[in-house]
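What follows is each chain in one-letter form.
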Amino acid sequence: MSDSIFGIHGQALVFQSQRMGILASNIANADTPNFKARDLSFHDALRAAAGQGSVGQALALARNQPGQLSGTAANGLAQELYRIPDQPALDGNTVDTDRERVRFTENAVSYQTTLSFLNSRIKGINSALTGQ
């Protein structure tokens, strides 16, 4: 029932929450030797939420650069992928702190937008049920 009321926004909130944790981990490990920056594929998560990837069906991740990992996302969830760095550090760390902060901020804004939408949807449903 929640899918018909909230659409993909509930799943988007879960995805954005998971991504926020991964991006925070990247920022926290910016000085850790050999730490590899990770991220989630929004495109694959959106396809899964829209029903183009269903439970038990693996989603093939697009590879547009040689050397990218080919992963699959099982059960309609986005899989963590390693980010290919523009300029890796000498100690093997691939975190670009400035870019990670921008991605974190963009994700936080998207998360807040999704929360606002869901909140207004819940208020509308509540008002329809109570007549106020």
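Residues numbered from 1 in each chain as written. Predicted model: local features only at pLDDT ≥ 70, side-chain atom pairs only at ≥ 80, totals over all residues. Heavy atoms only, no water.

Visitor: Let's hear about the overall build of the chain: which residues, and what values?
Guide: Of regular secondary structure, the chain possesses 4 helices and 4 strands. Seen in sequence order, the chain has helices and strands lined up from the N terminus as α-α-β-α-β-β-β-α. Expressed as a percentage of the 132 residues in the chain, the buried residues total 24%. For the chain, contacts bridging at least 24 residues in sequence account for 62% of all contacts bridging at least 6. By element, 54% of the accessible surface of the chain is carried by carbon and sulfur atoms, the whole surface being about 8,700 Å². (Helix = DSSP H or I, 4+ residues; strand = E, 2+ residues; numbered from the N terminus. Buried < 20%, exposed > 50% of the residue type's maximum accessible area, 1.4 Å probe, protein only. Contact = heavy atoms within 4.5 Å. Areas by Shrake-Rupley, 256 points an atom, 1.4 Å probe, with all protein chains shown as cover.)

Visitor: Give me the environment of Phe104: which residues, what numbers.
Guide: If you trace the backbone, Phe104 turns up in helix 4 (residues 97-130). A relative accessible area of 27% places Phe104 in the partly exposed class. In the structure, Phe104 is positioned 85 residues away from Arg19 in sequence and 8.4 Å away in space, judged by C-alpha atoms. Not counting residues up to four positions away in its chain, the partners in contact with Phe104 are Met20, Leu23, Ala24 and Ile27.

Visitor: Account for the side chain of Asp39, with residues named and values stated.
Guide: Tracing the chain through its elements places Asp39 in strand 1 (residues 38-40). Here Arg19 takes part through its side chain, which lies 2.7 Å from a polar atom of the side chain of Asp39. (Polar contact = N/O pair within 3.5 Å; in protein donor to acceptor, adjacent residues only side chain to side chain.)

Visitor: Explain the pattern of salt bridges residue by residue, including any values.
Guide: Evaluated as defined, the whole model comprises 7 salt bridges. The residue Glu80 makes a salt bridge to Arg38 at a minimum N-O spacing of 3.2 Å. In this pair, Glu80 sits in strand 4 (residues 80-82) while Arg38 sits in strand 1, placing the two residues 42 residues apart along the sequence. By relative accessible area, which is 39% here, Glu80 ends up partly exposed. In this structure, a network of salt bridges that share partners links the residues Arg19, Asp39, Arg83, Glu100 and Arg103. (Salt bridge = Lys/Arg side-chain N within 4 Å of Asp/Glu carboxyl O.)

Visitor: So what's going on with the side chain of Gln16? Which residues, and what values?
Guide: Looking at the secondary structure, you find Gln16 in helix 2 (residues 9-28). Take Gln16: its relative accessible area is 7%, and that puts it in the buried class. Aside from chain neighbours lying at most four places away, what touches Gln16 is Asn107, Ser110, Tyr111 and Thr114.

Visitor: An account of helix 2 is requested, with residue identities and associated values reported.
Guide: Across its 20 residues, helix 2 extends 28 Å between first and last C-alpha, which sits within 8% of the 28 Å expected from 1.5 Å per residue. Of all the residues in helix 2, the buried ones are Leu13, Phe15, Gln16, Arg19, Met20, Ile22, Leu23 and Asn26. (Expected span 1.5 Å × (residues − 1).)

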